[in-house]
Amino acid sequence: MIKMIHGILLIVYIIVSVALAIVVLMQEGKQAGLTGAISGAAETYWGKNKGRSMEGGLILATRILATVFIVLSLLLNLSIFS
């Protein structure tokens, strides 16, 4: 039973790892955002509604996937699976 749970967690861990890498690679670089913030372009319509845009969704997905990744890493490292 423990081996089956370990196998399922390992498969989910691999899927989360790949998804996290894809989501991080899909995000835009912050270099353009830094120059825009310095010149005051961050206060545009898109800057105010960033949370509802695709970029905001990717940031949220990154946070969720990173949290799941860390939790799964800790679970897979427990001594009950040894």
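### A few points about a nonpolar patch on the surface
Together, Met1, Ile2, Met4, Ile5, Ile8, Val12, Val71, Leu75, Leu78 and Ile80 give the surface a local cluster of nonpolar side chains, amounting to about 910 Å² of exposed area. For the nonpolar patch, the secondary structure elements donating two or more residues are α1 (2-26) and α4 (54-76). Here the nonpolar patch takes five residues from α1, the largest share from any one element. Residue position: valine 12 is located in helix α1.

### Examining α1
Under the 1.5 Å per step criterion, the end-to-end length of α1 is 36 Å for 25 residues, consistent within 8% with the ideal 36 Å. On its buried side, α1 packs onto α4.

### Some words on the environment of glutamate 55
Mapped onto the elements of the fold, glutamate 55 is located in helix α4. Judged by its relative accessible area of 22%, glutamate 55 falls in the partly exposed class. For the pair glutamate 55 and glutamine 27, spaced 28 residues apart in the sequence, the C-alpha separation amounts to 6.7 Å.

What counts as what
Residues numbered from 1 in each chain as written. Predicted model: local features only at pLDDT ≥ 70, side-chain atom pairs only at ≥ 80, totals over all residues. Heavy atoms only, no water. Patch = residues over 30% accessible without salt bridge, like charges linked within 9 Å, V, L, I, M, F, W, Y side chains within 5 Å. Areas by Shrake-Rupley, 256 points an atom, 1.4 Å probe, with all protein chains shown as cover. Salt bridge = Lys/Arg side-chain N within 4 Å of Asp/Glu carboxyl O. Helix = DSSP H or I, 4+ residues; strand = E, 2+ residues; numbered from the N terminus. Expected span 1.5 Å × (residues − 1). Contact = heavy atoms within 4.5 Å. Buried < 20%, exposed > 50% of the residue type's maximum accessible area, 1.4 Å probe, protein only.

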